[in-house]
Each structure stands twice: as C-alpha cells, then as structure tokens.
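# Overview (structure and organization)
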Amino acid sequence: MSEALNTLGGHLSGHMVGDVHHFPVRVYYEDTDAGGIVYHANYLRYAERARTEMLRVLGVPHAEQVATTGVAFAVRRCMMDFLAPARLEDTLLVRSRITSVTGATVLAEQTIYRPQSGGIVPPGQATEDDQVLVRLTLKLACINAQGRAVRVPTPMARAFARLGIGGAEGEKINSKGDGASADAPSEE
C-alpha cells in the first residue's frame, strides 16, 4: 500500500527537469473572486506549495527537516510581478528554481504560467507560447525555533548541491545537519 502511495505522491509532488521543479495546480472556485479570476494572494499559496513539494522531490521534506533539525524556512523577501490573470478551472504550472544558497539564506525564483497546450501539462515541456502569469523572486531565511537565523541544514545544502547550487566559496557547513555554524561550539 505504501508503495502505491509513494507512486501517487510522486505525481502529487511534481517533478524535476534539470534544476527546475515543475508543479501542476488547478484553479478551483475557492481560489477565485466573484469574477472567476484568481485572487492575488492565492498565487503565494501556489508558490509555497510548489517550494514544499520541491523539497520533498529533492529528498528533504520540509516537515521532516523541521522535526529533525529544528530549522524552518521563513520568507524574508518576496517580490511579485503580476502579468496576467488565471481563471476558474485553468491548469497552471509553477516552475521553481533555487538560484543561490549562502549561509542562512536561500534565493529562489518561481514562475506561474498557463500552458498553451489546452490545459494538458506535459512533463518538462514548457514552450515559449506558454503564458507567464506571475513571476516571484524570494529570499528565504533558515530560522531555529527561537526565530534566529541559522545556517542551511546539511541535508538541504547537500540536496541543493546535487542541483549544482552551493554556498559561498570556502563556506563551511556543519556535518550534524542542525543548522548551526561549522565553527560554533559543540554541545557534546
């Protein structure tokens, strides 16, 4: 049974194409205003879901990382550019890409677009004809339970490194995966 759920979960989590995560979203009635257009704040929800699923696909589910390392992501900065509206029952695709990992921060770019393939979203088949609806640029901070900035946990840093995204030149990341600095005193 769990194998079937894992297979299903893979579809629900989207997929990677190179270093870009693709996550499908359908627009439901609850996402729209009275005119059937997606309410602007819901694009943030779509982007958040996509980032969460990207971590799952990379093998570092966010909830598991919080439970094991005590480190979570907090949005420090988000810039959004609204280019066109999505409408009720549209099928959208959110593309997410980590652009930089340094110390306690992760920079990401996300694009929400409407594929022009009649609502069908073929894996990794975005074309120039697809209509970009929203572009987001984010700065995410890793924080501990007290809300203080800490280094990106080692499991996440390793997952990002597999995508070819790493920390600053010569930067040390501890081996415990708890988000503490490699130079921080050990409690052992």
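Residues numbered from 1 in each chain as written. Predicted model: local features only at pLDDT ≥ 70, side-chain atom pairs only at ≥ 80, totals over all residues. Heavy atoms only, no water.

### Topic: the packing of aromatic side chains
Counted only if it meets this: Here is the rule: rings of Phe, Tyr and Trp (six-membered ring for Trp) pair when centre to centre is within 6.5 Å. Planes less than 30 degrees apart are stacked, more than 60 are edge-to-face, and the remainder are tilted. Helix and strand definitions here come from DSSP, where helices need a minimum of 4 consecutive H or I residues and strands a minimum of 2 consecutive E residues; each element is numbered from the N-terminal end.
Inspection of every chain in the model, using the stated rule, returns two aromatic pairs. Pairing tyrosine 43 with tyrosine 46 gives two aromatic rings, centres 6.1 Å apart and planes at 90°, and the pair type is edge-to-face. With tyrosine 43 and tyrosine 46 both in helix 2 (residues 41-57) and three residues apart, this pair spans about one turn of that helix. An aromatic cluster of three or more residues is present, and its members are Tyr43, Tyr46 and Phe82.

### Looking at the pattern of salt bridges
Going by this rule: The salt bridge definition used is simple: a Lys or Arg side-chain nitrogen within 4 Å of an Asp or Glu carboxyl oxygen. Only protein chains enter the area calculation, which uses a 1.4 Å probe; residues under 20% of their type maximum are buried, those over 50% are exposed, and those in between are partly exposed.
By the definition in use, this model includes four salt bridges. Between glutamate 53 and arginine 56 there is a salt bridge, with the nearest N and O atoms lying 2.9 Å from each other. With a gap of three residues between them, glutamate 53 and arginine 56 both fall in helix 2, about one helical turn apart. According to the relative accessible area criterion, glutamate 53 is buried, its value standing at 15%. The class of arginine 56 is partly exposed, set by a relative accessible area of 40%.

### Some thoughts on the nonpolar core
What counts here: Grouping buried Ala, Val, Leu, Ile, Met, Phe, Trp, Tyr and Cys residues that are joined through side-chain atoms within 4.5 Å yields what is termed a nonpolar core.
If you look at the biggest cluster of nonpolar residues, it comprises 37 residues, and the most contacted ones within it are Tyr46, Phe73, Leu92, Ile98, Val106, Ile112 and Phe160. Only strand 2 (20-26), helix 2, strand 4 (91-102), strand 5 (105-114), strand 6 (131-143) and helix 4 (154-162) provide two or more residues apiece to this core.

### Here we look at the environment of glutamate 89
Secondary-structure assignment places glutamate 89 in the loop between strand 3 (72-82) and strand 4. Along the chain, glutamate 89 and tyrosine 28 lie 61 residues apart, while their C-alpha atoms are 5.8 Å from each other.

### Things to note about the sheet that holds strand 5
Where strands meet in a sheet, backbone hydrogen bonds hold them as pairs that are either parallel or antiparallel. Note the cut-off: Pairing between strands requires that DSSP locate at least two bridges from one strand to the other. Note on definitions: angles span 0 to 180 degrees between N-to-C directions of axes, and those axes are lines fitted to C-alpha atoms, for helices only across the stretch in contact.
Strand order in the open sheet made by the six strands is 1-2-4-5-6-3, with antiparallel pairing throughout. Each edge of the open sheet is held by one strand with a lone partner, namely strand 1 (15-17) and strand 3. On average, each strand axis in the sheet is tilted by 30° relative to the strand beside it, whichever way the strands run. Both strand 4 and strand 5 contribute to a ladder of nine bridges, which runs antiparallel.

### What about unusual backbone geometry?
A positive phi angle, close to 70°, is found at glutamate 89, a residue other than glycine. Owing to a relative accessible area of 59%, glutamate 89 belongs among the exposed residues under this scheme.

### Concerning the pairing of strand 2
Of all seven residues that make up strand 2, five are buried, and the element is covered over most of its length. The loop that links strand 1 with its antiparallel partner strand 2 comprises two residues; one of these, glycine 18, has a positive phi angle of about 65°. As paired strands, strand 2 and strand 4 are joined by six bridges and run antiparallel to one another. Looking across to strand 4, one finds that proline 24 is bridged to leucine 93.

### Quick notes on the environment of aspartate 129
Inspection of the secondary structure puts aspartate 129 in the loop between strand 5 and strand 6. With a relative accessible area of 62%, aspartate 129 lands in the exposed category.

### Quick word on helix 4
Our working definition: In this analysis, two residues are considered to be in contact whenever any of their non-hydrogen atoms come within 4.5 Å of each other.
Within helix 4 the residues assigned to the buried category are Thr154, Met156, Ala157, Ala159 and Phe160. Summarising the contacts, the buried residues of helix 4 are in contact with helix 2, helix 3 (62-69), strand 3, strand 4 and strand 5. Where helix 4 terminates, the next one or two residues include glycine 164, which has phi positive at roughly 90°.

### Structural notes on helix 3
Heads up, the rule is: Arc, as used here, means the arc of the directions from the helix axis to the C-beta atoms.
Three or more residues of helix 3 are buried, namely His62, Gln65 and Thr69. In an axial view of helix 3, the angular spread of the buried residues amounts to 60°, which keeps them on one side of the axis. Opposite the buried face of helix 3, at more than 90 degrees from it, the exposed residues are Ala63, Ala67 and Thr68. Buried residues along helix 3 sit in contact with helix 2, strand 3 and helix 4. Where helix 3 terminates, the next one or two residues include glycine 70, which has phi positive at roughly 75°.

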